Amino acid sequence: DTDARHALESDGFEVVSKYWQMRWEHDEVPPLKLPDGHSLRSFRVGEDELTLTELQNAAFGENWGFCPNTVEEISARARSKLCDPEGIIFLVDGDQPVAYNWTLRASNSKASIGWISMTGAHPDHRGKGLGTAAVVAGMDYLKAKGVDRIELEVDADNAPAREMYRKLGFQRVATTVWYEKRLNAAAS
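Nothing here was measured: the structure is a model prediction, and the numbers come from that model.

Draft legend 1. Quick peek at the packing of helix 2 (residues 49-60) against helix 3 (residues 71-78). At a closest axis distance of 9 Å, the pairing of helix 2 and helix 3 adopts a crossing angle of 110 degrees. Judged by the angle between their axes, helix 2 and helix 3 are roughly perpendicular. Each of E49, L50, L52, T53 and Q56 in helix 2 lies in contact with helix 3, whose residues at this interface are V71, I74, S75 and R77. Taken together, the residues of the contact of helix 2 with helix 3 break down into four nonpolar, three polar and two charged.

Draft legend 2. Examining the side chain of D155 more closely. Inspection of the secondary structure assignment puts D155 in strand 6 (residues 149-155). Buried within the structure, D155 lacks any salt-bridge partner; R162 is the closest side chain of opposite charge, at an N-O distance of 7.2 Å. From its side chain, D155 meets the backbone nitrogen of D157 in a polar contact 2.8 Å long.

Draft legend 3. Spotlight on the environment of I116. As for its placement among the helices and strands, I116 is situated in strand 5 (residues 112-121). The sequence separation of I116 and L104 amounts to twelve residues, and the corresponding C-alpha distance is 6.7 Å. Once you skip the residues sitting within four places of it in the chain, I116 turns out to touch N101, W102, T103, V135, G138, M139, L142, I150, E151, L152, Y165 and F170.

Draft legend 4. The arrangement of the sheet that holds strand 7 (residues 171-180) in detail. The strand order across the open sheet built from seven strands is 2-3-4-5-6-1-7, with neighbouring strands paired in mixed fashion. With partners counted over all chains shown, the strands left at the sheet margins are strand 2 (38-42) and strand 7, one partner each. Going across the sheet, the axis of each strand differs from the next one's by a mean of 25 degrees, ignoring polarity. Bridge count between strand 5 and strand 6: four bridges; the pairing is parallel. In the sheet register, W115 faces strand 6, and the bridge partner there is E151. The strands touched by helix 3 within the sheet are strand 3 (88-93), strand 4 (96-107) and strand 5, with strand 4 carrying the most contacts at an inclination of about 45 degrees. Against the sheet, helix 4 (residues 130-144) engages strand 1 (14-24), strand 2, strand 3, strand 4, strand 5 and strand 6, with an angle of about 35 degrees to strand 4.

Draft legend 5. Layout of the pattern of salt bridges. What the rule picks out here adds up to ten salt bridges. As a salt-bridge pair, D48 and R44 come within 3.7 Å of each other at their nearest N and O atoms. For D48, a relative accessible area of 2% puts it in the buried group. For R149, the salt bridge identified is with E151, shortest N-O distance 3.0 Å. By relative accessible area, E151 is classed as buried at 7%. Members of the salt-bridge network, linked through shared partners, are R41, R44, E47 and D48.

Draft legend 6. Just the layout of surface pockets, in detail. There is about 1200 Å³ of room inside the largest pocket. What lines the largest pocket is a set of 41 residues, and nearest its centre among them are F60, N63, T119, N158 and Y165. If you list the elements that add at least two residues to the lining of the largest pocket, you get strand 1, helix 2, strand 5, helix 4, strand 6, helix 5 (159-167) and strand 7. Partitioned by chemical class, the residues of the lining of the largest pocket number 20 nonpolar, 14 polar and seven charged. If you add up the space inside the second largest pocket, you get close to 150 Å³. At the level of elements, helix 2 and strand 4 are the ones that each hand at least two residues to the lining of the second largest pocket. Broken down by element, the residue count for the lining of the second largest pocket peaks at four residues, all from helix 2. A class-by-class count of the residues in the lining of the second largest pocket yields four nonpolar, four polar and two charged.

The rules we used
- Residues numbered from 1 in each chain as written.
- Predicted model: local features only at pLDDT ≥ 70, side-chain atom pairs only at ≥ 80, totals over all residues.
- Heavy atoms only, no water.
- Axes fitted to C-alpha atoms, helices over the stretch in contact; angles between N-to-C directions.
- Helix = DSSP H or I, 4+ residues; strand = E, 2+ residues; numbered from the N terminus.
- Parallel < 35°, antiparallel > 145°, perpendicular 65-115°, else oblique.
- Contact = heavy atoms within 4.5 Å.
- Nonpolar A, V, L, I, M, F, W, Y, C, P; charged D, E, K, R; others polar.
- Buried < 20%, exposed > 50% of the residue type's maximum accessible area, 1.4 Å probe, protein only.
- Lys, Arg positive; Asp, Glu negative; His and termini not counted.
- Salt bridge = Lys/Arg side-chain N within 4 Å of Asp/Glu carboxyl O.
- Polar contact = N/O pair within 3.5 Å; in protein donor to acceptor, adjacent residues only side chain to side chain.
- Pairing = 2+ DSSP bridges.
- 1 Å grid on protein atoms, 1.4 Å probe; cavity = no way out; pocket = protein on both sides within 12 Å on 5 of 7 lines; lining within 4 Å.
- Points joined across faces, edges and corners; volume = space filled by probe spheres on them.

Worth remembering: the numbers are spatial, not functional.
See the structure below:
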C-alpha cells in the first residue's frame, strides 16, 4: 500500500524485515527423502517439551524478531486447539532430534487448511537436507488429515528456506512488511 508506506516512512519508520506468505495447493506431496541414518517420530506430550524448546531456540536464535521460548510456552502451544501433537514431527539422528516441523490445521464444513507453523534444524546439522525432509513430512501429515491447502510464512531474506519452499511447490501469495522507528531516550 503506497499511501501507508509513505505515511510510515515520512514519520521516521524504516523497513526492518519482510516475510512472504506462501501457499501450496497440489494433489501430490513431493516424495519424502530422509537422509541416511535419520528417522521420523512425533512429539510426545509430557516428554518432549524441553527437547522442542531447546531445538527451536537453537534453530531460530539468530533470526530477526525471534524471542526464545520457554518450556511453558511450548507446552501451551503444543496443547492448543489447532495443534495435534502428532503433527509436530521430529527428524531424529539415532535417538537425538536434530530438526522438526510443527504443523497446525483447522477445518469447517467447506474447507480444511494446514499450516507449516515452524520448521527448524539445529545449526550443527544444517546443510544435510533436513529442512526439506521435515517440511515434506509435515506436508504428508497434513495431506493425510485432508487439508485442501497448506500455508506458511518465511523470512524473505532467508534465501535457502524461501527457495526450498518454492522447489516443493509453494507460491508467494502475499508479503508482510515490518517497520520500526527508533525512539531516543528523551522521546520516551
